[in-house]
Amino acid sequence: MEELAINGGKPVRETKIFYGHQYIDEADVEAVSQVLVSEALTCGPKIGELEEKLCRLTGAKYAVAVSNGTAALHIACLAAGIGEGDEVITTPMTFAASANCARYCGGMPVFADIDPKTYNISPEEVEKKVTAHTKAVVAVDFTGQAAKLDELLHICRKNGLFLIEDAAHSIGTKYKGKPVGSIADMTTFSFHPVKTVTGGEGGAVLTDNRELYEKLLLYRTHGITRNPSLMQRESEGPWYYEMLDLGWNYRITDIQAALLISQLDKLPLFSRRRKEIVAKYNEAFQKIPELFVQEEIPESDTTGHLYILRIRPEKLSVDRLGFFRALEAENICCNVHYIPVYYMPYYEKLGYKRGLCPEAEKLYEEELSLPLYYSLTDEDVDSVIRGVEKVVAAYRKP
């Protein structure tokens, strides 16, 4: 930091800028307000309206809205029949929920390494990990870029596996012109405030498979149904319902659903702005040899959730932590996505060891996430670029 003070004086901006932030407008406030004075705060009409809207946006036949993205992953694994002794292949370069969903069902995650250029799970590495115990692949669209879905589907079809696409980052992304949400056996979304659209919290599972859809509905609501065609006994009256399986209370509220319906109206606007910011970052950072810019496959028309900046430590006299702190001193607050899942003490206790996925581990040592969200101004983006350039200049090896 002393080097920057000597060379720079004042930080590149006076106020702090954070890596992610929601955008809420008057239409969102009005949508929520209308629900607050309505008859139904939960289990009401907004849930179905949200699910219909998600189907229209993605082309999926069915959508099941739930309380959060983790709940979406859990019920997707339940619907896929994951149980004791089953294996689920996923990436270590993700939030823990992408692996934990297998554990919730009694299964075990198996970690496949990433492509070192795109940072998404490598289909070649997935194929190496398939065993007689493999039941599903949870493919994460890391940063918003679609995974190589055709190749992953081919592997899954060949081996009789379910493909669950963890699209927590990628609502608005298209793969070969087709919206994410209508490609995998099941696709899960997350609507946390740092995501492209938000309900405060919330999630969803999308599928074209009617059988999976009916299972998802059961698992969302305690395993309970009021559908006469699914009941095993004759109805005793209009109040009657049956619990057919062990389910969970993963319902989303009408308050959240109303906010999401309004937010989804702005998805094209959000997507366009995120693409503009990514393009500006890429143009600037591709010119700096001390940095590596994430590659995008031509099949993915990406709505970016994260912007990953990767440093080349061999060209700098600072490591990732030093780079991170130097940007913080410039009032640019970043984050790191992600610590490899199997580094977590819980997974270490299960026997997972470092060295499983060398490319993911190397990425973790070299990457940080820059600010990326709709309400960033051009001035904000320029200050991020100037901050990165300033830090690189201060620590560039001669």
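Here, the structure is the one placed above.
Small disclaimer: the values here were computed from a predicted structure and weren't measured. (Residues numbered from 1 in each chain as written. Predicted model: local features only at pLDDT ≥ 70, side-chain atom pairs only at ≥ 80, totals over all residues. Heavy atoms only, no water.)

## Brief notes about helix α8 (residues 210-220)
Turning to α8, its buried residues are Leu212, Tyr213, Leu216, Leu218, Tyr219 and Arg220. The first or second residue beyond α8 is histidine 222, which carries a positive phi of 65°. (Buried < 20%, exposed > 50% of the residue type's maximum accessible area, 1.4 Å probe, protein only. Helix = DSSP H or I, 4+ residues; strand = E, 2+ residues; numbered from the N terminus.)

## Concerning the layout of surface pockets
Each pocket or cavity is described by its volume, and for the largest pocket that value is around 540 Å³. Lining the largest pocket are 20 residues; nearest its centre among them are Leu217, Arg220, Thr221, Ile224 and Arg226. Residue assignment for the lining of the largest pocket shows that the elements contributing at least two residues are α3 (45-58), α8 and β10 (224-225). At 6 residues, α8 tops the list of elements feeding residues into the lining of the largest pocket. Broken down by class, the residue content of the lining of the largest pocket amounts to 9 nonpolar, 5 polar and 6 charged. There is about 440 Å³ of room inside the second largest pocket. In terms of lining residues, the second largest pocket is bounded by 26 residues, among which Phe95, Ala168, Ser190, Lys195 and Tyr338 are the most central. (1 Å grid on protein atoms, 1.4 Å probe; cavity = no way out; pocket = protein on both sides within 12 Å on 5 of 7 lines; lining within 4 Å. Points joined across faces, edges and corners; volume = space filled by probe spheres on them. Nonpolar A, V, L, I, M, F, W, Y, C, P; charged D, E, K, R; others polar.)

## Observations regarding a nonpolar patch on the surface
Taken together, Leu36, Val37 and Leu41 make up a surface patch of nonpolar side chains, about 300 Å² in accessible area. Here leucine 41 shows up in the loop between α2 (26-36) and α3. (Patch = residues over 30% accessible without salt bridge, like charges linked within 9 Å, V, L, I, M, F, W, Y side chains within 5 Å. Areas by Shrake-Rupley, 256 points an atom, 1.4 Å probe, with all protein chains shown as cover. Salt bridge = Lys/Arg side-chain N within 4 Å of Asp/Glu carboxyl O.)

## A closer look at the state of the cysteines
Put plainly, a disulfide is one covalent bond tying together the sulfur atoms of two cysteines. One pass over the full model with this rule turns up 0 disulfides. In this structure cysteine 55 is a free cysteine whose sulfur lies 19 Å from that of cysteine 43, the closest cysteine sulfur available. With no disulfide of its own, cysteine 156 lies 12 Å from the sulfur of cysteine 77, the closest cysteine sulfur. Cysteine 156 gets classed as buried once you look at its relative accessible area, which sits at 0%. (Disulfide = S-S within 2.5 Å.)

## As for the packing of aromatic side chains
Inspection of the entire model under this criterion finds 18 aromatic pairs. Plain terms: the ring middles of tyrosine 119 and phenylalanine 292 are 6.5 Å apart, the flat faces sit at 45° to each other, and that makes the pair tilted. One end of the pair, tyrosine 119, is in the loop between β3 (108-111) and α6 (123-129); the other, phenylalanine 292, is in strand β12 (residues 291-293), and 173 residues separate them in sequence. Between tryptophan 248 and tyrosine 250, the aromatic rings sit 6.4 Å apart at their centres with planes inclined by 15°, giving stacked as the arrangement. According to the relative accessible area criterion, tryptophan 248 is partly exposed, its value standing at 27%. Given a relative accessible area of 17%, tyrosine 250 falls into the buried group. (Phe/Tyr/Trp six-rings, centres within 6.5 Å; stacked < 30°, edge-to-face > 60°.)

## Here's the deal with the side chain of glutamate 367
Here glutamate 367 lies in strand β15 (residues 367-370). Buried within the structure, glutamate 367 lacks any salt-bridge partner; arginine 320 is the closest side chain of opposite charge, at an N-O distance of 4.8 Å. At 3.3 Å, the side chain of glutamate 367 and the backbone nitrogen of tyrosine 338 are in polar contact. (Lys, Arg positive; Asp, Glu negative; His and termini not counted. Polar contact = N/O pair within 3.5 Å; in protein donor to acceptor, adjacent residues only side chain to side chain.)

## What to know about the sheet that holds β12
Strand order in the open sheet made by the 3 strands is β12-β14-β15, with antiparallel pairing throughout. Since the sheet does not close on itself, it has two edges, and those belong to β12 and β15, each with one partner. Taken over all neighbouring pairs, the strand axes of this sheet differ in orientation by 35° on average, direction set aside. Here strand β14 (residues 307-311) runs beside β15; their pairing, made up of 4 bridges, is antiparallel. In the sheet register, tyrosine 307 faces β15, and the bridge partner there is leucine 370. (Pairing = 2+ DSSP bridges. Axes fitted to C-alpha atoms, helices over the stretch in contact; angles between N-to-C directions.)

## As for the pairing of strand β2 (residues 87-90)
Residues Glu87 and Ile89 point to one face of β2 and Val88 and Thr90 to the other, with burial holding for every one of them. Two elements, β2 and β3, share 4 bridges in a ladder whose sense is parallel. Residue isoleucine 89 lies in a different strand from β3, and its bridge partner there is valine 110. The parallel pair β2 and β3 is bridged by helix α5 (residues 97-104), and the resulting crossover is right-handed. Relative to strand β4 (residues 134-140), β2 is paired through 4 bridges, and the arrangement is parallel. Bridge pairing in β4 places threonine 90 opposite valine 138. (Right-handed = clockwise from strand over helix to strand, strands pointing away.)

## What to know about unusual backbone geometry
In the segment running from histidine 337 into tyrosine 338, the intervening peptide bond is cis, with an omega of 0°. Within the element layout of this structure, tyrosine 338 appears in the loop between α11 (320-329) and α12 (345-349). One non-glycine residue, threonine 143, lies in the positive phi region at around 70°. With respect to the secondary-structure elements, threonine 143 resides in the loop between β4 and α7 (149-159). Exposure remark for threonine 143: the relative accessible area of 3% places this residue in the buried category. A positive phi is found at lysine 176, a non-glycine position, where the angle reads about 55°. The residue lysine 176 is located in the loop between β6 (174-175) and β7 (178-179) in this model.

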